[in-house]
Amino acid sequence: MESKRFHILFFAFFFICVLLSACGLEEKEAHHIEVNSSTDLEVNLAESDDFVLDETSFLTDYDYLLEILSDYYPHYDWLIAETDFMSVYTDKREELEEIRDAYQFHEIVSSVLDTAKNVGHLAILPKGRFELEKKGSIEHPEFYTQEEREILQADKTQAFYDMLPDLVDESESEVLVTYYSELDSLIFEIKSFSKSIEANDNNFIDEYMKKYPGVSNIVFDIRGNVGGDTYFWMKKIVEPIGGENIFTIKYRVKDSSFSRTKHTSFFIDGHEVETGVYEKEEKYDLSSAETSWTNKNKWVLIDNQVYSAADSFANFCKMNNWATLIGDTTSGNGLGLTADIFLLPHSGIIVQFASVYGINADGVDSNLHGVKPDIYNIKNFSALETYKKVIKEEKG
């Protein structure tokens, strides 16, 4: 879903776009399984250039996965308290005695990470994103740390991803537009913020702004939109419509050796908001010249499938009062920075998750709570039906 330099996360750099709680220390330690003493967070990739397909190697990687999550995953306490992660982790660990290849190991790791329900984009790095990231690390090494370049360019990693099947992009590739004359409403149905839709509908706002300059209501139906490229809605929706739009986001990060190395600015420019959690604020200027649509009534239809870059659009609308949200609470994961990557060295598997997350308009973790609508669906009504009823009532 996401590429590394925006994303998710988002607002990073340049050429790859697709694409990113408190139980207490005692609870975390109580559930922590003792790991193999050979597991070391300073893994030397040169020591594991070839696959070592034996039980010891898989156990080492498996326990290392738990170390990574407990030390660096910002939602680890939630993961332990609110999901069946530990029971699945323990049960699946016994299955390692029966496996002998990295693909079987991939299936086990995937099933364990699935318990997190993609909170913070926690998952095995998808093959498509791996390929984009590897290419990016070669062509634009300045955007990657040395460790990231080593992970992405290692023969072991390439060997693992060569085993995975290619996935077909099934995202919708066009914007569907409907004008309802009785409601004086223009509805844009956008099922994806993928690169393909950006290419196919490059100037759709400009086109319909010229065709319907006096329309009263502009509706963006993003129900079912699981994200893609955050710059899609910034560059293809918000900026063409125009006006002054400053998007202010409060980011947070869990204090760790990794975050102090990778996200140093939090510990220089930010401040500690709770024990072991640091916060800083960033402002993004999305302003552009006003147009005939700048001050129109704008509405966004959302549901519980809205995720990642689509969730960031919903957050922007809510925080800036840019549009009225109608529907159900989103799935979140739209305000953090792009997911970081971590290598399981013996298998070549890369695990991703966003170590930086955002705080939504309600002052809570966006990844865990999503965005609440301004108007919830009327009972037994869809978001579109609710919108139509609202407009009809306003028209009298």
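Residues numbered from 1 in each chain as written. Predicted model: local features only at pLDDT ≥ 70, side-chain atom pairs only at ≥ 80, totals over all residues. Heavy atoms only, no water.

A. Quick peek at the sheet that holds strand β10 (residues 340-344). A sheet is described by the order of its strands in space; here three strands give the open sequence β1-β11-β10, paired in antiparallel fashion. The sheet is open, and its two borders are formed by β1 (123-124) and β10, each paired with just one other strand. Pairing of β1 with strand β11 (residues 349-353), which is carried by two bridges, proceeds in the antiparallel orientation. If you follow Ile 124 over to β11, its bridge partner there is Val 351. Of the strands in this sheet, β10 and β11 are in contact with helix α7 (residues 146-153), which crosses β10 at around 55°. (Pairing = 2+ DSSP bridges. Helix = DSSP H or I, 4+ residues; strand = E, 2+ residues; numbered from the N terminus. Contact = heavy atoms within 4.5 Å. Axes fitted to C-alpha atoms, helices over the stretch in contact; angles between N-to-C directions.)

B. Up close: the pairing of strand β4 (residues 217-221). Most of β4 is tucked away, with five of its five residues classed as buried. With five bridges connecting them, strand β3 (residues 185-189) and β4 associate as parallel partners. Bridging from a neighbouring strand, Glu 189 pairs with Asp 221 of β4. Note: β4 against strand β8 (residues 297-302), five bridges, orientation parallel. Looking across to β8, one finds that Asn 217 is bridged to Asn 297. (Buried < 20%, exposed > 50% of the residue type's maximum accessible area, 1.4 Å probe, protein only.)

C. Representation of the packing of aromatic side chains. One pass over the structure, following the stated rule, counts 30 aromatic pairs. Considering the side-chain rings of Trp 299 and Tyr 387, the 5.2 Å spacing of their centres and the 70° angle between planes classify their relative orientation as edge-to-face. In this pair, Trp 299 sits in strand β8 while Tyr 387 sits in helix α16 (residues 383-395), placing the two residues 88 residues apart along the sequence. Each member of the pair, Trp 299 together with Tyr 387, is buried. The positively charged end of Lys 280 is found above the aromatic ring belonging to Phe 266, 4.9 Å away from the centroid. We note Lys 298 situated over the ring of Trp 322; from NZ or CZ to the ring centre the distance is 5.1 Å. (Phe/Tyr/Trp six-rings, centres within 6.5 Å; stacked < 30°, edge-to-face > 60°. Lys NZ or Arg CZ within 6 Å of the ring centre and 35° of its normal.)

D. A look at the sheet that holds strand β13 (residues 375-376). Read from one edge of the open sheet, six strands run β2-β3-β4-β8-β9-β13, paired in mixed fashion. With one partner strand each, in any of the chains shown, β2 (176-180) and β13 form the two edges of the open sheet. Examined bridge by bridge, strand β9 (residues 324-327) and β13 share two bridges and lie parallel to one another. Its bridge partner lying in β13, Ile 326 is registered against Ile 375.

E. Structural detail: the environment of Arg 260. Following the sequence through the fold, Arg 260 ends up in helix α12 (residues 257-262). Here Arg 260 falls in the partly exposed class, since its relative accessible area comes to 40%. Aside from chain neighbours lying at most four places away, what touches Arg 260 is Asp 255, Phe 267 and Tyr 278.

F. Region of interest: the environment of Asp 114. By the element assignment, Asp 114 lies in the loop between α5 (102-113) and β1. According to the relative accessible area criterion, Asp 114 is exposed, its value standing at 55%. Spatially, the C-alpha atoms of Asp 114 and Val 88 are 9.9 Å apart, while their sequence positions differ by 26 residues.

G. Focus on unusual backbone geometry. Despite not being glycine, His 121 shows a phi value in the positive range, around 60°. For His 121, the location among the structural elements is in the loop between α5 and β1.

H. Molecular detail of the side chain of Asn 245. When you line up the elements, Asn 245 lands in the loop between α11 (230-241) and β5 (246-254). Contact partners of Asn 245, with chain neighbours within four places excluded, come to Val 238, Tyr 284, Asp 285, Leu 286, Ser 287, Phe 316, Asn 320 and Trp 322.

Interpretation note: all reported values are geometric properties and have no functional meaning in isolation.
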